[in-house]
Amino acid sequence: MGKKGKKEKKGRGAEKTAAKMEKKVSKRSRKEEEDLEALIAHFQTLDAKKTQIVETPCSPPSPRLNASLSAHPEKDELILFGGEYFNGRKTFLYNELYIYNIRKDTWTKVEIPNPPPRRCAHQAVVVPQGGGQLWIFGGEFASPDGEQFYHYKDLWVLHLATKTWEQVRSPGGPSGRSGHRMVALKRQLILFGGFHESTRDYIYYNDVYAFNLDTFTWSRLSPSGAGPTPRSGCQMSVTPQGSIIIYGGYSKQKVKKDVDKGTQHSDMFLLKSEEGREGRWVWMRINPSGAKPTPRSGFSVALAPNHQTLLFGGVCDEEEEESLQGDFLGDLYFYDATKNRWFEGQLKGPKSEKRKRRRGTRAEHGGADKQECGEASAAPMEVVREVVAEDGTVVTIKQVLAAPGPAKQPQLDDDDSLEEAVGPLVVEPCPRSNAMLAVKHSRLYLYGGMFETGDRQVTLSDFYCLDLHKMDEWTVLVEADPETQEWLEETDSEEDSDEGAEGGEEDEDSSEEDGEPQRPLVMPGEQFTDYLPRTEHYWVSLARDEAGPEAKEKRVLKIAHTMAKAFFDDSV
């Protein structure tokens, strides 16, 4: 009895410590969020000018990460919302809504009155009722310099049948956060984890909330048992039995002043309702078998056929006290909840029309933990190609090329080429993190994400498709375009103000000359209605410098739009 009481007391102490930490973070971040609320209100004022639904056929969306990509429950469409982009100097947030028509292979930008504010790292869940609904909770907004953050705690629904946004105001919901995870279970939305960050503090969560889709009410769940430690960016999926799987994720904690240590979690938990006790839940730790993913963060998740959960990519961070180096990944894993087993996804490669091979009687014993995909393929090759961005920067992109066929070199007939004998090369998406995934009609769609090369972040806008039944090869729907890779290096004055001061007039002149072509480039085929929202941060900042600190916001905005239009017209 004594030990049990002491343990319970210790647990309550931990809860009190977490509550104090949350209150401390909340107090320190309140001032930051008040500053950002004014900027968010400015953008909402611009959105309020939209009074009717406008659907415009367009080119694929600009590069971004941490957006949401969802499959329409009734139509052959994918829905892309929000996201972020960093060009080396500024962070851009989006609240754009794009629809991808799968059969026609076309994109449409849909402008709907009163949308949610700009955000990234939110969660979006589609449910079939009412002709289809897209529910969005939370996420974050960042200042242009990326130093301040505002975490949303709002809940929105997009009624897909009528194309209308609605903010659902219900008390008792989760606190503001991003990096959380949310799934639909029966007629509820279940939300887990996430984090809240300010300039000096941060806190990670492991709380669980349920939102009832019938009564529009929030309730906080209090599962028994030992559950996951606080984390963000984990895998959250529903099993065929109606339980919830939590895998992996990321968190960090302070080890000493100004030094944080990150943890890439690789544990797995099951959240299930207690039998005969409605509304009561219990945590259970589980240990799946099979070929498990290596520890990572920033991976992407989608629900595959047969209730399997698909995991793609991510980054494995190697942390030291003063540095962080990431190894970006492009591999594919499947988790089968009915077997509690991981499988590594391996591609067969395209079939060779000229050289069809029969299956032999020899069985593949060593590949029991790999996704079934036919004949063994040769070891993949890593091909490194360099593309030159518009600003002249060389970006190195690694791609994995798999050469299907037996390991033994086949003999060539006189009429056979090497490609016909070995088979065509299979191109896979380059390794990345924070990509957007969705599955429709047993096809996996992958959009965007990012990777790093040196000190530069490369944000992607390429688009791929993979048939999960055939598992043969990726289809490239939109190739990576180096012209969209805008990267603005810091100026001399930003890197070292003393050196800039000593440089004199000549340095100032050369800095201006270097800065002139660094204005946001117009993408091929881009319309001004797409260019302005993407680059507005830049032009508003430039206009504010031009108009002076006393200028009214309305005048600054007018100048910004005029400058943007003039630059756009000159570039087209």
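Scroll up a little and you will see the structure.
This section reports on the structure supplied with the text.

Conventions adopted
- Residues numbered from 1 in each chain as written.
- Predicted model: local features only at pLDDT ≥ 70, side-chain atom pairs only at ≥ 80, totals over all residues.
- Heavy atoms only, no water.
- Helix = DSSP H or I, 4+ residues; strand = E, 2+ residues; numbered from the N terminus.
- Buried < 20%, exposed > 50% of the residue type's maximum accessible area, 1.4 Å probe, protein only.
- Areas by Shrake-Rupley, 256 points an atom, 1.4 Å probe, with all protein chains shown as cover.
- Expected span 1.5 Å × (residues − 1).
- Bend = angle between axes of the 7 residues up to and from the residue.
- Pairing = 2+ DSSP bridges.
- Axes fitted to C-alpha atoms, helices over the stretch in contact; angles between N-to-C directions.
- Patch = residues over 30% accessible without salt bridge, like charges linked within 9 Å, V, L, I, M, F, W, Y side chains within 5 Å.
- Salt bridge = Lys/Arg side-chain N within 4 Å of Asp/Glu carboxyl O.
- Lys, Arg positive; Asp, Glu negative; His and termini not counted.
- Charge placed at Lys NZ, Arg CZ, Asp CG, Glu CD.
- Phe/Tyr/Trp six-rings, centres within 6.5 Å; stacked < 30°, edge-to-face > 60°.
- Lys NZ or Arg CZ within 6 Å of the ring centre and 35° of its normal.

### Points about the overall build of the chain
Phase 1: Along the backbone of the chain there are six helices and 33 strands.
Phase 2: Across the 572 residues in the chain, those meeting the buried criterion constitute 48%.
Phase 3: Surface exposure of the chain reaches about 30,200 Å², of which carbon and sulfur atoms provide 47%.

### A few points about helix α5 (residues 528-547)
Given 3.6 residues per turn, any residue in an α-helix points the same way as the ones three and four places further on.
Phase 1: The terminal C-alpha atoms of α5, which comprises 20 residues, lie only 23 Å apart, well short of the 28 Å expected from a rise of 1.5 Å per residue.
Phase 2: A bend of about 65 degrees at T535 is the largest found in α5.
Phase 3: G548 occupies a position one or two residues after α5 and carries a positive phi of about 95 degrees.

### Concerning the sheet that holds strand β1 (residues 54-58)
Where strands meet in a sheet, backbone hydrogen bonds hold them as pairs that are either parallel or antiparallel.
Phase 1: If you trace the five strands from one edge of the open sheet to the other, you get β1-β7-β6-β3-β2, paired in antiparallel fashion. Where the open sheet ends on each side, the last strands, each with one partner, are β1 and β2 (68-71). Strand-to-strand twist in this sheet, taken as the mean axis angle between neighbours without regard to direction, amounts to 25 degrees.
Phase 2: Of the strand pairs in this sheet, strand β6 (residues 97-101) and strand β7 (residues 106-111) are connected by four bridges, and their pairing is antiparallel. By the bridge assignment for β7, Y100 is matched with W107.

### Quick look at the pairing of strand β17 (residues 217-221)
Phase 1: As paired strands, strand β16 (residues 202-212) and β17 are joined by five bridges and run antiparallel to one another. Each bridged residue has a counterpart across the sheet, and for Y209 the counterpart in β17 is R220.
Phase 2: As consecutive antiparallel partners, β16 and β17 are separated by four residues, and within that stretch F216 has a phi angle of approximately 55 degrees, a positive value.

### Notes on a positive patch on the surface
Phase 1: On the surface, K49, K554, R555 and K558 cluster together into a patch of positive charge.
Phase 2: As for its position among the elements, K49 is in the loop between α1 (2-48) and β1.

### Here we look at the pattern of salt bridges
Phase 1: Counted according to the given criterion, the structure contains 19 salt bridges.
Phase 2: A salt bridge links D76 to R103; the shortest N-O distance between them is 2.5 Å. A residue pair is termed long-range when its members are at least 10 positions apart, and D76 in the loop between β2 and β3 (77-81) and R103 in the loop between β6 and β7 qualify at 27 residues.
Phase 3: A relative accessible area of 18% places D76 in the buried class.
Phase 4: On the basis of relative accessibility, which here comes to 70%, the residue R103 falls in the exposed class.
Phase 5: With a closest N to O distance of 2.6 Å, R296 and D331 form a salt bridge. Note that R296 is positioned in the loop between β22 (289-290) and β23 (300-303) and D331 in strand β25 (residues 324-336), a separation of 35 residues in sequence.
Phase 6: Judged by relative accessible area, which is 2%, R296 ranks as buried.
Phase 7: Under the relative-accessibility criterion, D331 is labelled partly exposed at 21%.

### Some thoughts on the packing of aromatic side chains
Phase 1: Within the structure shown, the criterion is met by 33 aromatic pairs.
Phase 2: Of note, R118 hangs over the ring of F43, and the distance from its end group to the ring centre comes to 4.0 Å.
Phase 3: Between R177 and the ring centre of Y205, over which it is positioned, the NZ or CZ distance is 4.1 Å.

That is the geometry; function is a separate question.
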